[in-house]
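Given next are the chains, with one letter for each unit.
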Amino acid sequence: MGNRVLFGAFLCFIAAVSWGAMFPVAHAAFRYIDPFCLTIIRYGAVSLLLVPLLWWKEGRQAFRLEGRGLTLWFYGTMAFTVYNLLIFWGEDLLGEPGIMVASIMESLMPMISVVIGWFIFRKRAHAFTMICVLISFAGAVSVITKGDIQAFLGAAGQIIPSILILIAVIGWVIYTNGSEKFSDWSALRYSTLTCLMGTATAIVITIITTLIGYTPAPTIDGLIAASPHLLFMIIFPGIIALLGWNVGVSILSPLNGLLFINFVPVTTLVISIFQGYEVTACDVIGTILIILSLVSNYLYLSRSDRSLSVKTTSESTVKPVQTLREQTL
């Protein structure tokens with residue numbers, strides 16, 4: 001069991017680091033290709049790689065939807081349309097600051113998962129958890145506004161892209177939690193079918209935006225110039241991160257898996273520094289606040305679970321003894 005958990009943690013770590021590197025690479029690619037086109041090329045290629053892999057591993061029967069097609073389409077759309085289209089669209093609209101904003105928003109996933117569970121599923125969070133939520137939110141605000149909230153609120157050009165990124169992140173949280181509904185399927189099967197359906201939706205949207213003139217059609221020169229970035233996006237934050245994430249989450253649980261998102265802003269920050277991006281004090285402070293709040297909440301919940309487990313074990317041991325004593329008397 002220990003080795004299995006360690007393997008799951010390793011897979012989630014690799015996925016998170018890959019996604020942390022994704023935003024600086026995507027920003028560089030936006031000089032040559034539109035975010036919408038980047039998304040469908042990236043996951044179109046991933047789908048083409050996953051389909052034969054699933055066929056080889058599990059056979060033709062793995063492509064049967066088993067009456068769950070609509071559910072698969074919903075979760076696929078959340079991940080490969082809502083998340084991928086909106087997060088890169090928002091990052092591109094924000095320009096260079098969008099690299100850190102998108103990365104920091106991703107690190108809010110565990111807390112967003114807690115809030116969704118509280119408001120939608122009525123799973124009331126601990127008071128300490130809610131304090132951590134507020135601290136992590138303060139950290140995100142620090143990075144997004146660069147310490148000047150008034151200027152941020154007065155600039156619609158910053159608010160709208162930030163909202164797009166937030167909606168994107170919520171989409172990925174929903175997708176991650178949706179994997180529990182397919183626990184009887186392999187991670188490869190869930191990844192492949194949701195990727196196919198979600199990417200198909202993204203392709204339809206991109207075609208529509210191209211026809212109305214919003215999304216520019218990619219040029220041959222642009223695709224050649226962006227090919228190194230696309231290759232990286234397909235291999236590492238694409239197929240390796242997707243499969244690694246879904247396998248890791250199936251081992252650790254969605255919430256424990258989401259905790260590894262802590263490594264996304266750290267990776268982005270390090271790469272951005274090497275690329276010459278001027279990291280501000282607000283970027284560093286915000287990142288530290290979010291990581292500290294997530295780690296603190298994880299340690300608190302782990303301690304609470306251990307205490308509850310010990311208490312339950314003690315009670316189950318005492319009751320049979322009491323019953324035996326009563327029968328003897």
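Residues numbered from 1 in each chain as written. Predicted model: local features only at pLDDT ≥ 70, side-chain atom pairs only at ≥ 80, totals over all residues. Heavy atoms only, no water.

## So, the overall build of the protein
Note the cut-off: Helix and strand definitions follow DSSP, with helices as H or I runs of at least four residues and strands as E runs of at least two, each counted in order from the N terminus. Remark: exposure states derive from per-residue accessible area (1.4 Å probe, protein chains only) relative to the maximum for the residue type, with buried under 20%, exposed over 50%, and partly exposed in between. Contacts: residue pairs with any heavy atoms within 4.5 Å of one another. With residues, only the protein chains shown are counted as cover, and all accessible areas are computed by Shrake-Rupley using a 1.4 Å probe.
Each helix and strand counted, the protein has 13 helices and 0 strands in total. Of the regular secondary structure in the protein, the N- to C-terminal order runs α-α-α-α-α-α-α-α-α-α-α-α-α. For the protein, the residues scored as buried account for 49% of the 329 residues in total. Nonlocal contacts in the protein, meaning residues at least 24 apart in sequence, comprise 87% of its contacts between residues at least 6 apart. Total accessible area on the protein stands at roughly 16,400 Å², and carbon and sulfur atoms take up 69% of it.

## A word on the pattern of salt bridges
Side chains that carry opposite charge are capable of pairing whenever their charged atoms lie near each other. How we decide: Salt bridge, as used here: a side-chain nitrogen of Lys or Arg that lies within 4 Å of a carboxyl oxygen of Asp or Glu.
Taken as a whole and assessed by the stated rule, the structure comprises 3 salt bridges. Linking Arg68 and Glu66 is a salt bridge whose minimum nitrogen-to-oxygen distance equals 3.8 Å. Across the pair Arg189 and Glu66 runs a salt bridge whose closest N-O atoms are separated by 3.1 Å. Of the two residues, Arg189 sits in helix α9 (residues 187-211) while Glu66 sits in the loop between α2 (35-58) and α3 (69-94), which places them 123 residues apart along the sequence.

## A few points about the nonpolar core
Soluble globular proteins tend to pack their nonpolar side chains together in the buried interior. The condition is simple: By convention a nonpolar core is built from buried Ala, Val, Leu, Ile, Met, Phe, Trp, Tyr and Cys residues, the set being connected through side-chain atoms within 4.5 Å.
Membership of the largest hydrophobic core comes to 80 residues, with the highest contact counts inside it found for Trp19, Phe23, Ile87, Phe88, Trp172, Leu242 and Trp245. When residues of this core are assigned to their parent elements, the largest contribution, 12 residues, is made by helix α10 (residues 220-252). Apart from residues no more than four positions distant in its own chain, Phe88 is found in contact with Met22, Phe23, Ala26, Phe30, Pro35, Leu38, Thr39, Arg42 and Met233.

## Things to note about the packing of helix α4 (residues 98-106) against helix α12 (residues 263-274)
Operational definition: Fitted lines through C-alpha atoms serve as axes, helices being fitted only where they are in contact, and the angles separating the N-to-C directions of these axes extend from 0 to 180 degrees. Roughly parallel means an angle under 35 degrees; roughly antiparallel means over 145; roughly perpendicular covers 65 to 115; every other angle is labelled oblique. Left-handed describes a crossing whose near helix is turned anticlockwise from the far helix by less than a right angle; the clockwise case is right-handed. Note on residue classes: Ala, Val, Leu, Ile, Met, Phe, Trp, Tyr, Cys and Pro are nonpolar, Asp, Glu, Lys and Arg are charged, and everything else, Gly too, is polar.
Packing of α4 against α12 brings their axes to within 8 Å, and their N-to-C directions diverge by 160 degrees. Compared by their axis directions, α4 and α12 come out roughly antiparallel. The handedness of the crossing between α4 and α12 is left-handed. Contacts between α4 and α12 involve Ile99, Met100, Ser103, Ile104 and Glu106 on the former and, on the latter, Val264, Pro265, Thr268, Leu269 and Ser272. Taken together, the residues of the contact of α4 with α12 break down into 6 nonpolar, 3 polar and 1 charged.

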